[in-house]
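Residue-level listing of the chains:
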Amino acid sequence: MLKRKAYSSLLEWKMNHFKKCLMIKGTRQVGKTFLVREFGKNEYESFIEMNFIKNPNLKEIFSGDLDVETIAKRISFNIEGAKLVPGKTLIFMDEIQVCGRARTAIKFLAEDGRFDVITSGSLLGLTYAEDDDPLVEEAESNPTGYEDFLTMYSLDFEEFLWSLGVSDEQIAGLKTYFDNNVPVDEITNKKFENLFREFIAVGGMPEVVADYAVNRDFNRVHKIQSRIVSDYQFDIGKHAKGAEKVKVRKCYDSLPRQLSKEITKFQYSLVEKGQTRKKYGGSITWLIDSGLVNACYSVNEPFIPLFGNSNEEQFKLYGNDTGLLCSKYGFEMKKAVLDNFLKGNAKGGVYENVIGECLVKKGYKLYYYRPDDSHEIEFLIEKDGEVLPIEVKAGNSPTVSLNRYIEKYGPSIAYKLIDGNVGLSQGKKTIPHYMIMFI
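Residues numbered from 1 in each chain as written. Predicted model: local features only at pLDDT ≥ 70, side-chain atom pairs only at ≥ 80, totals over all residues. Heavy atoms only, no water.

**Student:** Any chance you could explain the packing of helix H1 (residues 6-16) against helix H2 (residues 32-43) here in plain terms?
**Tutor:** Relative orientation and spacing of two packed helices are given, respectively, by the angle between their axes and the distance between those axes. Two elements in contact, H1 and H2, have axes whose closest approach is 10 Å; the angle formed by their N-to-C orientations is 50 degrees. One finds that H1 runs oblique with respect to H2. Here H1 runs over H2; the crossing is right-handed. Taken together, the residues of H2 that come into contact with H1 (itself represented by Ala-6, Tyr-7, Leu-10, Leu-11, Trp-13 and Lys-14) are Leu-35, Glu-38, Phe-39, Asn-42 and Glu-43. Here the contact of H1 with H2 is composed, by residue class, of seven nonpolar, one polar and three charged. (Axes fitted to C-alpha atoms, helices over the stretch in contact; angles between N-to-C directions. Helix = DSSP H or I, 4+ residues; strand = E, 2+ residues; numbered from the N terminus. Parallel < 35°, antiparallel > 145°, perpendicular 65-115°, else oblique. Left-handed = near helix turned anticlockwise from the far one by under 90°. Contact = heavy atoms within 4.5 Å. Nonpolar A, V, L, I, M, F, W, Y, C, P; charged D, E, K, R; others polar.)

Printed below as a string of structure tokens:
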């Protein structure tokens, strides 16, 4: 079993939810269902699972009155062996987007409080009105105020390290170099640089990582990744509405081209020559809401709140999993990444993508700053009450833009991520890419 940080989030919710159900969001195949099953079996006396796509007959449980006594009786009638023990039962409703009445019932189950409830489903970042799947049902009444939310992603770099047998003690030891601004010894630094390149090529999709941890076979990795990308493309065709199906697919498939060019924002012309936001703006919104991409918005001024200073018409898009992105480039990309032979704009794009992915998985929103045509800071984040700049270098070239930013705005710390080692000079902290997990 892969060790996931989200398990700790589930434990925290269990201890502190106070009559709120939990909805877990996230794209398909990031491990939502598997994690909840393990959590339910390990932490509760009774675990009851309903999958409304696999077993559509279970929708009958919510077909009549929605008081908890009636729901409990119907569960016992429809699910063999189900035990409803007050205070010791977890009810898991998977693929809840196809049972609107079950979503309506969340309020009453939460108010009653006898049973813990977790819900999940595919592409829940979308509103039901944006989903073209005929099975999807709108809830009669949304349980506003009766739900907590947790977004799950594919494995982050630290979880990837765990899957390969790297211990918490080793990671903690590595962090001492980061905290103390001390260069890492050459052997250790090279080891983790190589592991980070493996993470770029393999990504964090649980099925891919689990297979790689056992077989260390990049042909198998590529085969599984290609299938997952095909599944995502199928999801677009299934869930995007009407004419958006083709447009969303075109935007999604343009990501490798977008990131292989020296561009300052998403280029609609790389989706279709001569086209603009007017045609494809809705498709971009769909992709962002679905969780298939991470958006990074330009800011006019690097001040808190970054959202308030952002420009929604100038943005970059990054793939939600860099391993999947690499698979879209083709198998040879993996070898180039692993051997550190990747050159040109594609290398910069891939490294920006993985750093953006790591930041999103740590809970940061993505912004970038381009004050003129000659300078750009790849990422700005809000941390400890201020805006901190992060410049990403695929190699270790000079940081003219970051130096200028430091001179003008004087942040308490500025990060330069490089293919190199730890260093600190005049407020600029240089760190190897893998130390993104410590920011």
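**Student:** What is the right way to look at the pairing of strand S4 (residues 116-120) in this model?
**Tutor:** The side chains of a regular strand alternate between both faces of the sheet. For S4, the tally of buried residues reaches five of five residues, placing the bulk of the element in the interior. One ladder, built from three bridges, connects strand S1 (residues 21-25) with S4; its direction is parallel. Among the inter-strand pairings, Ile-24 is bridged to a residue of S4, identified as Ser-120. Across four bridges, the pairing between strand S3 (residues 89-94) and S4 is parallel. Each bridged residue has a counterpart across the sheet, and for Met-93 the counterpart in S4 is Thr-119. Since S3 and S4 lie parallel, the crossover through helix H4 (residues 100-112) that links them has a hand, and here it is right-handed. (Buried < 20%, exposed > 50% of the residue type's maximum accessible area, 1.4 Å probe, protein only. Pairing = 2+ DSSP bridges. Right-handed = clockwise from strand over helix to strand, strands pointing away.)

**Student:** Where do I start with the pattern of salt bridges in this structure?
**Tutor:** Close approach of charged atoms allows side chains with opposite charge to pair. Throughout the structure, instances matching the rule amount to 34 salt bridges. Here Glu-140 makes a salt bridge to Arg-101, at a shortest N to O gap of 3.1 Å. Here Glu-140 is found in the loop between S4 and strand S5 (147-151), whereas its partner Arg-101 is found in helix H4, with 39 residues between them in sequence. A residue is classified by how much of its surface remains accessible, and Glu-140, at 60% relative accessible area, is exposed. In this structure, the salt-bridge partner of Arg-227 is Glu-207, at a minimum N-O distance of 2.5 Å. Highlighted residues: Arg-227 in helix H9 (residues 218-239) and Glu-207 in helix H8 (residues 206-215), separated in sequence by 20 residues. The class of Arg-227 is partly exposed, set by a relative accessible area of 34%. Using a relative accessible area of 38% as the deciding quantity, one classes Glu-207 as partly exposed. Taken together, the shared-partner salt bridges connect Arg-28, Glu-207, Arg-227, Asp-231 and Asp-235 into one network. (Salt bridge = Lys/Arg side-chain N within 4 Å of Asp/Glu carboxyl O.)

**Student:** Got a minute to help me understand the environment of Asn-353 in this structure?
**Tutor:** Turning to its location among the elements, Asn-353 is positioned in helix H15 (residues 344-361). Between the alpha carbons of Asn-353 and Ser-298 there is a distance of 16 Å; along the sequence they are 55 residues apart. Excluding residues that lie within four positions of it along the chain, Asn-353 makes contacts with Leu-259, Tyr-318, Gly-319, Thr-322 and Leu-325.

**Student:** Please explain the nonpolar core as it appears in this structure.
**Tutor:** One recurring pattern in soluble globular proteins: nonpolar side chains tend to sit buried together. Membership of the largest hydrophobic core comes to 102 residues, with the highest contact counts inside it found for Ile-118, Phe-196 and Ile-439. Not counting residues within four places of it along the chain, the set of residues in contact with Phe-196 comprises Phe-157, Val-354, Ile-355, Cys-358, His-433, Tyr-434 and Ile-436. Of all hydrophobic cores here, the second largest spans 26 residues; its members include Leu-58, Ile-75, Cys-99 and Ala-110. (Core = buried A, V, L, I, M, F, W, Y, C linked by side-chain atoms within 4.5 Å.)

**Student:** Sorry if this is basic, but what is going on with the sheet that holds S1 here?
**Tutor:** Paired through backbone hydrogen bonds, the strands of a sheet run either parallel or antiparallel to each other. Spatially, five strands are ordered S2-S3-S4-S1-S5 in an open sheet, and the strand pairing comes out parallel. A strand with exactly one partner marks an edge of an open sheet, and here the two such strands are strand S2 (46-51) and S5. Averaged over neighbouring strand pairs, the angle between their axes works out to 20 degrees when direction is ignored. Across six bridges, the pairing between S2 and S3 is parallel. Residue pairing across strands places Glu-49 opposite Phe-92, the latter belonging to S3. Relative to the sheet, H1 contacts S1, S3, S4 and S5, its axis offset from that of S4 by approximately 140 degrees.

**Student:** Even after reading the chapter, I still don't get the packing of aromatic side chains, so can you show me in this structure?
**Tutor:** Each aromatic ring pair is characterised by the separation of its centres together with the angle its planes make. Counted under the stated rule, the structure contains 23 aromatic pairs. Relative to Phe-218, the ring of Tyr-212 lies with its centre 5.1 Å away and its plane at 50 degrees, an arrangement referred to as tilted. Relative accessible area serves as the criterion here: at 19%, Phe-218 is assigned to the buried category. Where Tyr-268 meets Phe-315, the ring centres are 6.4 Å apart and the plane angle is 80 degrees; that geometry is what we call edge-to-face. Of this pair, Tyr-268 sits in the loop between helix H11 (255-259) and helix H12 (277-290) while Phe-315 sits in strand S7 (residues 310-319), and the two are 47 residues apart along the sequence. Take Tyr-268 and Phe-315: they sit in the same class, and that class is buried. The rings of Phe-157, Phe-160, Phe-196, Phe-199, Tyr-212 and Phe-218 are connected pair by pair, giving a single aromatic cluster. The side chain of Lys-14 reaches across the aromatic face of Tyr-44, ending 4.9 Å from its centre. Over the ring of Phe-178 we find Lys-429; its NZ or CZ atom is 3.8 Å from the centre of that ring. (Phe/Tyr/Trp six-rings, centres within 6.5 Å; stacked < 30°, edge-to-face > 60°. Lys NZ or Arg CZ within 6 Å of the ring centre and 35° of its normal.)

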